[in-house]
Amino acid sequence: MWGSRIWALLLSLFPLTLSAQSMADQGQYLLQLANCYSCHTDTENDGPALAGGRRLETEFGIFWTPNITPDSETGIGHWSDEQFIAAVRHGRAPDGSYYFPAFPYPAYRNMEPGDILAIKAYLFSQAGVRQENRPHELNWYVKRWLMPVWTKLNELLSPDQEEQAASRGAYLVDTLGHCNECHTPRNRIGILDWGQRLRGNKDLSAPDISWTDSGIGQWSDDELVDLFRYGALPDGDYVADHMAEVVEYSTSKWSEDDLKAAISYIRTIQ
């Protein structure tokens, strides 16, 4: 009798287990689309996956990326779903303070909540890593209390959210892939110049990838596929530095349909 009850209980829980696993699998793919791994892992020094500690040098100072493993003390293991969504979409920490936009929440503000929670499900399915976050080393004028003002200005000067996520290709390039964060130039306070969208950012040595003659307007679909899949350039060379990591940890893992959607969308950006 007890055996049958236990078996019935296991059967009732089994669909939930499958659902949780399916959500984590979806989250793994979304994490690859958003390239979270290469920013939150100190790959140069063989650091533990997603435990932070990567050095990001910018004109505003040095940022150190945080631990996003589910360690409850040094990672995000104590975060609720609502706190995780607030961080990703709005740049808000659990204590209510704002993150610096070295974390590309201005692009992620268009992410679907379900996609965000799928990423959280994947992260929480991984082992927690105890690794303390390092404090940023920023220029004297870069203060966290200024971030609410910066965030509001950025929203006012950015395209409409619905326009940025109008298609799968737009969602991949502008939101999840956050390509503008590197390939679009910024003004003096770090806000993207949308009039020069994807025209390259000299400060980051990021090239022009707009669909123009000065960018990649003469590239064929096969050449774009080779870039995203293998990091290969039309002249026989290969991408290096950060873009090489984007290829290794992100675009090389995109599905065929997503790759086609991204390429079709890039062709519209002039």
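In case you missed it, the structure is sitting above this.
A brief structural summary. (Residues numbered from 1 in each chain as written. Predicted model: local features only at pLDDT ≥ 70, side-chain atom pairs only at ≥ 80, totals over all residues. Heavy atoms only, no water.)

## Examining the packing of aromatic side chains
Throughout the structure, instances matching the rule amount to eight aromatic pairs. Plain terms: the ring middles of Phe 228 and Trp 254 are 6.2 Å apart, the flat faces sit at 10° to each other, and that makes the pair stacked. One end of the pair, Phe 228, is in helix H10 (residues 221-230); the other, Trp 254, is in the loop between helix H11 (241-249) and helix H12 (256-266), with 26 residues separating them in the sequence. Taken as a pair, Phe 228 and Trp 254 share a single burial class, namely buried. (Phe/Tyr/Trp six-rings, centres within 6.5 Å; stacked < 30°, edge-to-face > 60°. Helix = DSSP H or I, 4+ residues; strand = E, 2+ residues; numbered from the N terminus. Buried < 20%, exposed > 50% of the residue type's maximum accessible area, 1.4 Å probe, protein only.)

## A look at the nonpolar core
Core analysis: the largest hydrophobic core is formed by 40 residues, its most contacted members being Leu 31, Phe 84, Met 111, Ile 119, Leu 123, Leu 176 and Ile 216. Elements with a minimum of two residues in this core: helix H1 (2-33), helix H3 (81-90), helix H5 (113-124), helix H8 (168-176), H10 and H12. Residue contacts for Leu 123: discarding those within four places in its chain leaves Leu 31, Leu 50, Ile 68, Pro 70, Ile 76 and Phe 84. Of all hydrophobic cores here, the second largest spans nine residues; its members include Phe 60, Tyr 105, Val 142 and Met 147. (Core = buried A, V, L, I, M, F, W, Y, C linked by side-chain atoms within 4.5 Å. Contact = heavy atoms within 4.5 Å.)

## Describing the sheet that holds strand E2 (residues 61-64)
The sheet built from three strands is open, its strands ordered E1-E2-E3 with antiparallel pairing. This sheet does not close on itself; its edge strands, each paired only once, are strand E1 (55-58) and strand E3 (137-138). (Pairing = 2+ DSSP bridges.)

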